[in-house]
Each structure stands twice: as structure tokens, then as C-alpha cells.
Amino acid sequence: MLSNIGVPGLILILVIALVIFGPKKLPEIGRAFGETLREFKKSTKGLRDEVLEELDENKEARKS
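Please read all numbers here as calculations on a predicted model, not as lab measurements. In this convention, every chain numbers its residues from 1, walking through the sequence in written order. Whole-chain, interface and lining totals are the exception, using all residues; otherwise, since this is a predicted model, local features are given only for residues with pLDDT of at least 70 and side-chain atom pairs are given and counted only at 80 or more. Processing note: side-chain calculations cover all non-hydrogen atoms of the structure and skip hydrogens and water entirely.

Caption draft 1: Examining the overall build of the protein chain more closely. Within the protein chain one finds one helix and zero strands. Its C-alpha radius of gyration of 20 Å places the protein chain more than 25% over the 11 Å reference for a compact globule of 64 residues. Projected onto its principal axes, the C-alpha coordinates of the protein chain cover approximately 65 × 25 × 10 Å. Across the 64 residues of the protein chain, 3% fall into the buried class. Per-residue and other accessible areas follow the Shrake-Rupley method at a 1.4 Å probe size, with only the shown protein chains counted as cover for residues. If you sum the accessible surface of the protein chain, you get close to 6,200 Å²; carbon and sulfur atoms cover 66% of it. When charges are tallied, Lys and Arg are placed among the positive residues and Asp and Glu among the negative ones, while His and the ends of the chain are skipped. Charged side chains are reduced to one point each, which is NZ for Lys, CZ for Arg, CG for Asp and CD for Glu. The centroid of the 11 positive side-chain charges in the protein chain is displaced by 9 Å from the centroid of its 10 negative side-chain charges. Strands are runs of DSSP state E lasting at least two residues, helices are runs of H or I lasting at least four, and both sets are numbered from the N terminus onward. For a compact globule the rule gives 2.2 Å times the number of residues to the power 0.38, and the radius of gyration it is set against comes from C-alpha atoms. Under the scheme applied here, a residue whose accessible area is under 20% of the maximum for its type counts as buried, over 50% as exposed, and between as partly exposed, the area being computed with a 1.4 Å probe on protein chains only.

Have a look at this one:
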């Protein structure tokens, strides 16, 4: 979805965001978005690890 935006589209989005939110608020929004993305990645990694651990336990149980 985001791969179709391209550089001109990304620049346009950033300019619109700058006009709407202003130069003082934009870094705060970017920081909050980055923290949210980091937390999402951490939680999905934890979920993935749990699922893989469960699959490994099931494989070992089947072998026994």
C-alpha cells in the first residue's frame, strides 16, 4: 500500500502535515508515531515467539 506513494507523494503528505499541525507539533507527532510503531513491533514479536514456542512443544509431543 505505502510502496505506491513514491517520493513526490511523500513530500506532499509531509507538506500538508506541516501546514495542518505546524512546525512545533510535527516533531511531537512523529515521536509519538515512532513510539507506537516500536511498541507494536515489540508486541507482535512477543506474540510470534509465543506461537513458535507452542508449535515446537506440539512437535516434540508428537514425536514422543
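So that's the structure; there's more coming.
Caption draft 2: Seen up close, the layout of surface pockets. Put simply, the largest pocket is a space of about 260 Å³. For the largest pocket, the full set of lining residues is Leu10, Ile13, Leu14, Ala17, Phe21, Leu26, Ile29, Gly30 and Phe33. Classes in brief: Ala, Val, Leu, Ile, Met, Phe, Trp, Tyr, Cys and Pro nonpolar; Asp, Glu, Lys and Arg charged; the others, Gly included, polar. For the lining of the largest pocket, a count of residues per class yields eight nonpolar, one polar and no charged. Whether a set of points on the 1 Å grid over the protein atoms alone is a cavity depends on a 1.4 Å probe fitting there but being unable to get out, while an open set qualifies as a pocket with protein on both sides within 12 Å along at least five of seven lines; lining residues are those with an atom within 4 Å of a point. Grid points are joined across faces, edges and corners, and a volume is the space filled by probe spheres set on the points.

Caption draft 3: Highlighting a negative patch on the surface. Only residues whose relative accessible area exceeds 30% and that form no salt bridge are eligible for patches; like-charged ones are grouped when within 9 Å, while nonpolar side chains (Val, Leu, Ile, Met, Phe, Trp, Tyr) are grouped when within 5 Å. Each reported salt bridge corresponds to a side-chain nitrogen of Lys or Arg within 4 Å of a carboxyl oxygen of Asp or Glu. On the surface, a cluster of negative charge is made up of Glu50, Glu53, Glu54, Asp56, Glu57 and Glu60. For Glu53, the position within the fold is in helix α1 (residues 6–63).

Caption draft 4: How the structure looks around the pattern of salt bridges. Within the structure shown, the criterion is met by four salt bridges. A salt bridge links Lys25 to Glu28, with the shortest nitrogen-to-oxygen separation between them at 3.6 Å. With Lys25 and Glu28 both in helix α1, this residue pair falls three residues apart, about one helical turn. The partner of Lys42 in a salt bridge is Glu39, and the shortest N-O contact between them spans 3.6 Å. Pair noted here: Lys42 and Glu39 are both in helix α1, with a separation of three residues, about one helical turn. By relative accessible area, Lys42 is classed as exposed at 54%. Classification of Glu39 by relative accessible area gives partly exposed; the value is 48%.

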